[in-house]
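Results of the structural survey
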Amino acid sequence: MLVQFTANNQPIKIDVDPDAILADVLRDRLGLKGTKISCREGECGACTVWLDGQPVNSCLIPVAKVEGRTIVTIEGLGNIESPHPVQERIAEYGGSQCGFCSPGFVMSAAALLRDHPSAGRAEIVEGLSGNLCRCTGYVKIIAAVESLVDRDSGE
Ligand code: FES
Ligand code: FES
C-alpha cells in the first residue's frame, strides 16, 4: 500500500507492507536509525518519536495509521552540529552511557519541556516513566532535564 506522511519536514510517499510498523519503516526504509528498537512491546521507549507533536512508541504503530500525519524523529530534533538543548544537557550531565535509550529520552523530555516548561521533578519523573535506561540509574538524566526547567515561566 502507498502511504504518505511528513517526516522531519520532508514529504514521504512510500510503498509499504500494510502490516509494516512505523519504527521499522523509519529505520529500514527511510534510514532514520536514531530511532531505536528494543522491546517492541511499548515498554522501553527506545523507539519514541513525535506523531503530530506527541511522543509515541513507534514500535506499536502500524505505518498505515500515519497517513497524512506528521512525524518527528531524533534526526529532526537535533544533531551533532545543531543539538537540541536536551541533547546538549544530557551529554553535559553524563546522562548517556551506551546511548541506546538516549534518543527516546530526548524525544520524551523535549515534548515534556515544550508543554510544561516549568515542570517540577515529580512531573519530569512521571513524564519520562515510559523510557527505560539500563545504564545510568536515571539520576543524571533527570537532573539534566530538570536543569532546563524555566522556573520563571509561571506555568
Ligand atoms: S521498542 Fe518500542 S517501546 Fe520498546
Ligand atoms: S545509556 Fe545505556 S540504556 Fe540508557
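Residues numbered from 1 in each chain as written. Chains lettered and ligands numbered in written order. Predicted model: local features only at pLDDT ≥ 70, side-chain atom pairs only at ≥ 80, totals over all residues. Heavy atoms only, no water.

Considerations on the domain arrangement of the protein chain
Taken domain by domain, the protein chain holds domain 1 (2-75) and domain 2 (85-146). Facing 17 residues of domain 1, the contacting portion of domain 2 comprises 15 residues. Buried area between domain 1 and domain 2, summed over both chains or domains, comes out near 1200 Å², and the portion from carbon and sulfur atoms is 62%. On the surface where domain 1 and domain 2 come into contact, there are zero salt bridges. Counting across the interface, domain 1 meets domain 2 through five residue pairs in polar contact (both at pLDDT 80 or more). Listing elements by their share of the side of domain 1 that touches domain 2, those giving two or more residues are strand 3 (48-51) and strand 4 (54-57). Per-element accounting of the side of domain 1 that touches domain 2 gives the leading share, three residues, to strand 3. (Domains from an automatic or database assignment. Contact = heavy atoms within 4.5 Å. Buried area = accessible area lost by both parts, 1.4 Å probe. Salt bridge = Lys/Arg side-chain N within 4 Å of Asp/Glu carboxyl O. Polar contact = N/O pair within 3.5 Å; in protein donor to acceptor, adjacent residues only side chain to side chain. Helix = DSSP H or I, 4+ residues; strand = E, 2+ residues; numbered from the N terminus.)

Some details on helix 3 (residues 85-92)
For helix 3, every residue scored as buried is listed here: V86, Q87 and I90. Axial view of helix 3: buried residues confined to an arc of 100°, hence all on one face. Each element contacted by the buried residues of helix 3 is listed here: helix 2 (74-77), helix 4 (102-115) and helix 6 (139-146). Residue G94 follows helix 3 closely and has a positive phi angle near 70°. (Buried < 20%, exposed > 50% of the residue type's maximum accessible area, 1.4 Å probe, protein only. Arc of directions from axis to C-beta.)

Some remarks on the pattern of salt bridges
Summed over all chains, the structure comprises six salt bridges. The residue D52 makes a salt bridge to R69 at a minimum N-O spacing of 2.9 Å. Of the two residues, D52 sits in the loop between strand 3 and strand 4 while R69 sits in the loop between strand 4 and strand 5 (70-72), which places them 17 residues apart along the sequence. Note that R114 and D115 form a salt bridge whose closest N and O atoms lie 2.8 Å from each other. Given a relative accessible area of 36%, R114 falls into the partly exposed group.

Describing the sheet that holds strand 2 (residues 10-15)
Pairing is mixed in the open sheet, where five strands are placed in the order 2-1-5-3-4. The open sheet has two free edges, formed respectively by strand 2 and strand 4, since each of these has just one partner strand. With strand direction ignored, the average angle separating the axes of adjacent strands in the sheet is 40°. Two strands pair when backbone bridges link them, and strand 3 and strand 5 are joined in this way by two bridges, in the antiparallel orientation. Across the sheet, residue L51 finds its bridge partner in strand 5, namely I71. Helix 1 (residues 22-29) contacts strand 2, strand 3 and strand 5 of the sheet and is inclined by roughly 100° relative to strand 2. (Pairing = 2+ DSSP bridges. Axes fitted to C-alpha atoms, helices over the stretch in contact; angles between N-to-C directions.)

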